[in-house]
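Structural features, examined
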Amino acid sequence: MFKNLTVGRALVYAALLLMAIYYLLPLYVMLTTSFKSLDDIREGNMLALPQAWQGGAWAKAWAEACTGVECNGMQGFFWNSIKMTLPAVAISTLLGAVNGYVVSMWRFRGSDALFTMLLVGCFIPFQVVLLPMAQLLGLLGLANTTAGLVLVHVVYGTAFTTLFFRNFYITVPDELVKAARIDGAGFWTIFFRILLPISGPIFVVCIIWQFTQIWNDFLFGVVFASGESQPITVALNNLVNTSTGVKEYNVDMAAAIIAALPTLFVYMVAGRYFVRGLTAGAVKG
Amino acid sequence: MAALSINNVCKTYANGTDVLKGINIAIEDGEFLILVGPSGCGKSTLLNMIAGLDDISSGDIAIGGKRVNELSPKDRDIAMVFQSYALYPSMTVRENISFGLEIRKTPRAEIDATVKRVAEMLQITHLLERKPGQMSGGQRQRVAMGRALARNPAIFLFDEPLSNLDAKLRVEMRTEIKLMHQRLKSTIVYVTHDQIEAMTLGDKIAVMKDGIVQQFGSPQDIYDNPANLFVAGFIGSPSMNFIPATVVQSGSDIGVKVCDDKGCVVLPLPHDKAKLAGWVGKEVIFGIRPEQITDARTAYRDGLPVMACHIDVIEPTGPDTLVFVSLNNTKVCCRTHPTEAKYPGESMELVFDVSKAVLFDPKTEARIV
């Protein structure tokens, strides 16, 4: 394999390798630290492997670590995040699919203006909507609930998902819809029988994007949820910032990895479809 | 099957653009209508309006004597074949063909029988379980036709169905569409920008430009008697020669004067003298088709005017050789027998058959005679 190795090539590989190490190093440190004992951490080198591998920090992070007054670990908050993320991703993705279908295939007077307004929604900073959203959640009686967080994320995410689906459906020839209309299919039949079956790639993009955004969100979580209903990102912050007792780096690292696992998992399962989906439409199918 | 009539149909978009300005076309049950014209002439819009995919701004469209203006596409009893074929990508050929029948709640046994019949007719039985992505353009084209045939509609609409195929396949499919029409006696509206497809397929042709039907008639009538300069130039390949010329009186004859660099000839016109009289001394556009300027051997009549012309270029096509000469400073194409054609730089005697020549008003582009 080194037959064609020129100096330029070698430099490229060297640079790539350096970059890979640069990006993988934090993960390496987090993983090794989470398996070290506290003594090991204090005495040893940050980059060294654990002297003795032990999973105690993981168990503690999951079930016993203190996140403020409570000391039940991350587990409850992990499920909170799951309960928030799954419905929010599902609802916002489906809404985006229907929106995208309408603004690309069923143009009506003002549909372009509507789409532009939705686009603007993508550029609104989180902080701007905090106060009005708090008011709305109060009015709806959803303050401090997971359902409230789901609503916030659906509202905020629909702008993005609509954009994704619209840009995907715009590449689908509208003759397809015309043909289906002549065949006698209605609005929903066309959507479910003709368009949804070819929307796989864009669903993957949308789900990865929304899952990452919603799972990783901290601001909405910390503002609109408290105590029991907090998502894992807020819990992680509380765990790391708890000032009582010894600073347990191994537990912090384990908790951080636990918090990141679902997004890592989604990327590993669907990541290769992500790029494929982003470039879908560039090539005629 | 049903007759189609289009009465004074207009289309105006919300921004005020007039796409169609009063279209009147009527065809009988079983006729093959071609809508032909350059891109942007409104032919596809008209087809979409017949299909019900576009709203009608004013006027009426009737299928089988029944006004369909407000009917949705599915209630008009039509089927359409699209340029991109528009096959449902996620469905197999069988599902594509049966989709419309399923939606109309046709019994399963009947659907299966129809799919079988249509597939056999189009010789696509072996493709039934494939998806559109696994087929060639020609095969997709057949499936698209099969989908339309399965429905057995009152009218078939074709929107440039052959323009995505390569040249050889296009000619083959053209013949098949014509055969299908002869066998099924179906009413067809066919949009194309290709004048050869228009001539070969149609019972009636509507030549369109700028949202107006320039001429509506049988292919031969449109070829022989074009209504104006546009139609004359659009139909026919190679297209009609347009030579700017002056109408002159020579003895009892009225003719047009054509010159090359050596000298001039007056070609006497056998047309209606009453119509020509007013144009004597004026400039007109003299339209003559390439096959009407030929060599002495090919010309089938004696006593036609002859002119020796200097050849600029020749283009052998096989059955004919196209000879290009320059008359009145205009490039003129002549269709000659391959063995009679001379070479560039040489002089050749060309016979002008002016009986089918036409004259146009250079200002209005309307036909004079």
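Remember, predicted model here, so these are calculated numbers, not experimental data.

1. A closer look at the overall build of chain B
When helices and strands are counted, chain B shows 9 helices and 20 strands. Taken over the C-alpha atoms alone, chain B extends approximately 80 × 45 × 35 Å along its principal axes. Within chain B, the proportion of its 369 residues that are buried is 40%. When contacts within chain B are restricted to residue pairs at least 6 apart in sequence, long-range pairs at least 24 apart make up 67% of them.

2. Overview of the overall build of chain A
Assigned secondary structure in chain A consists of 13 helices and 0 strands. For chain A, the sequential pattern of α-helices and β-strands runs α-α-α-α-α-α-α-α-α-α-α-α-α. Judged by the C-alpha coordinates and their principal axes, chain A covers about 75 × 70 × 30 Å. Out of the 285 residues in chain A, the part that is buried amounts to 36%. A separation threshold of at least 6 residues defines the contact pool for chain A, and within that pool the share at least 24 residues apart is 76%.

3. What to know about the sheet that holds strand 10 (residues 212–217) of chain B
Residues and elements named next belong to chain B. One open sheet accounts for 6 strands, arranged 6-7-8-3-9-10; its pairing is mixed. Of all the strands in the sheet, just strand 6 (78–81) and strand 10 have a single pairing partner and so form its edges. Across the sheet, the mean angle separating the axes of adjacent strands is 15 degrees when strand polarity is ignored. Here 5 bridges tie strand 7 (residues 155–159) to strand 8 (residues 187–192), and the two strands are oriented parallel to one another.

4. Topic: the UniProt feature "transmembrane region" (unreviewed entry) in chain A
Under the local residue numbering, the UniProt record ascribes the feature "transmembrane region" (unreviewed entry) to residues 12–31, 84–102, 114–134, 146–169, 190–211 and 253–275 of chain A. In residues 84–102 of chain A, helix accounts for 100% and strand for 0%; the two terminal C-alpha atoms are 27 Å from one another.

5. Observations regarding the domain arrangement of chain A
Residues and elements named next belong to chain A. Along its sequence, chain A is carved into domain 1 (7–54) and domain 2 (75–278). On a C-alpha basis, the centroid separation for the pair domain 1 and domain 2 is 33 Å. Facing the 7 residues of domain 1 at the interface are 8 residues of domain 2. Looking at the side of domain 1 that touches domain 2, the elements with two or more residues in it are helix 1 (7–34) and helix 2 (38–43). Of the residues forming the side of domain 1 that touches domain 2, the biggest block, 4 residues, is contributed by helix 1.

6. Observations concerning the sheet that holds strand 14 (residues 283–288) of chain B
Residue and element names in this part refer to chain B. Spatially, 5 strands are ordered 13-12-11-14-20 in an open sheet, and the strand pairing comes out antiparallel. Bordering the open sheet on either side are strand 13 (264–268) and strand 20 (358–360), each of which pairs with just one other strand. The average undirected angle you get between the axes of adjacent strands in this sheet is 45 degrees. As defined by bridge partners, strand 11 (residues 241–250) adjoins strand 14 across 6 bridges and the pair is classed as antiparallel. Across the sheet, the residue bridging to N241 is I288, located in strand 14.

7. Quick look at unusual backbone geometry
Residues and elements named next belong to chain B. Along the chain, S237 connects to P238 via a cis peptide bond; the corresponding omega equals -5 degrees. Note on placement: P238 falls in the loop between helix 8 (229–234) and strand 11. Even without glycine at this site, E365 takes up a positive phi of about 65 degrees. Inspection of the secondary structure puts E365 in the segment after strand 20.

8. What to know about the domain arrangement of chain B
All names here are of chain B. Structurally, chain B comprises domain 1 (4–234) and domain 2 (242–360). Between domain 1 and domain 2, the C-alpha centre-to-centre distance is 40 Å. The biggest single contributor to the side of domain 1 that touches domain 2 is helix 8, with 3 residues. Tallied by class, residues from the side of domain 1 that touches domain 2 come to 3 nonpolar, 2 polar and 1 charged.

9. Concerning the interface of chain B and chain A
Taken together, the contacts link 18 residues of chain B with 15 residues of chain A. When the residues that make up the side of chain B that touches chain A are grouped by side-chain class, the tally is 12 nonpolar, 4 polar and 2 charged.

10. A closer look at the pairing of strand 14 of chain B
The side chains of a regular strand alternate, first on one face of the sheet and then on the other. Residues and elements named next belong to chain B. Counted residue by residue, strand 14 has 5 buried out of 6 residues, so it is predominantly covered. Sheet topology places strand 14 next to strand 20; 3 bridges connect them, and they run antiparallel. Note that in strand 20 the partner of F286 across the bridge is L359.

11. Concerning the packing of helix 3 (residues 108–122) of chain B against helix 4 (residues 137–151) of chain B
Residue and element names in this part refer to chain B. Put simply, helix 3 and helix 4 touch, their axes get as near as 10 Å, and they point 135 degrees apart. Accordingly, the angle class assigned to the pair helix 3 and helix 4 is oblique. The crossing of helix 3 and helix 4 is right-handed. Of the residues in helix 4, those touching helix 3 at T114, V115, V118, A119 and L122 are R142, M145, G146, L149 and A150.

12. Some points on the UniProt feature "domain: ABC transporter" (unreviewed entry) in chain B
Under the feature "domain: ABC transporter" (unreviewed entry), the UniProt entry names residues 4–235 of chain B. Secondary structure over residues 4–235 of chain B splits into 38% helix and 25% strand, and the C-alpha atoms at its two ends are 24 Å apart.

13. Concerning the environment of S104(A)
Residues and elements named next belong to chain A. In this fold, S104 is placed in helix 4 (residues 75–105). Put simply, S104 and F165 are 61 residues apart on the chain and 8.8 Å apart in space, counted from C-alpha to C-alpha. Apart from the residues within four sequence positions on either side, S104 is in contact with R166, Y169 and I170.

14. Considering the packing of helix 4 of chain A against helix 10 (residues 200–216) of chain A
Residues and elements named next belong to chain A. The interhelical angle for the contact between helix 4 and helix 10, taken along N-to-C directions, is 140 degrees, at an axis separation of 9 Å. In terms of axis orientation, helix 4 runs oblique to helix 10. In the packing of helix 4 onto helix 10, the handedness of the crossing is right-handed. Across from S81, M84, T85, A88, V89, S92, T93 and G96 in helix 4, the residues of helix 10 making contact are F203, C206, I207, Q210, F211, I214 and W215. When the residues that make up the contact of helix 4 with helix 10 are grouped by side-chain class, the tally is 9 nonpolar, 6 polar and no charged.

15. A look at the environment of I214(A)
All names here are of chain A. For I214, the location among the structural elements is in helix 10. The exposure class assigned to I214 is buried, which follows from the 27 C-beta atoms found within 10 Å. Between the alpha carbons of I214 and Y156 there is a distance of 9.8 Å; along the sequence they are 58 residues apart. Setting aside residues up to four positions removed in sequence, I214 forms contacts with M84, T85, A88, V89, H153 and G157.

Conventions adopted
Residues numbered from 1 in each chain as written. Chains lettered and ligands numbered in written order. Predicted model: local features only at pLDDT ≥ 70, side-chain atom pairs only at ≥ 80, totals over all residues. Helix = DSSP H or I, 4+ residues; strand = E, 2+ residues; numbered from the N terminus. Buried ≥ 20, exposed ≤ 12 C-beta atoms within 10 Å, placed from the backbone. Contact = placed C-beta atoms within 7 Å. Pairing = 2+ DSSP bridges. Axes fitted to C-alpha atoms, helices over the stretch in contact; angles between N-to-C directions. UniProt positions renumbered as here; feature names shortened; annotations may be inferred. Domains from an automatic or database assignment. Nonpolar A, V, L, I, M, F, W, Y, C, P; charged D, E, K, R; others polar. Parallel < 35°, antiparallel > 145°, perpendicular 65-115°, else oblique. Left-handed = near helix turned anticlockwise from the far one by under 90°.

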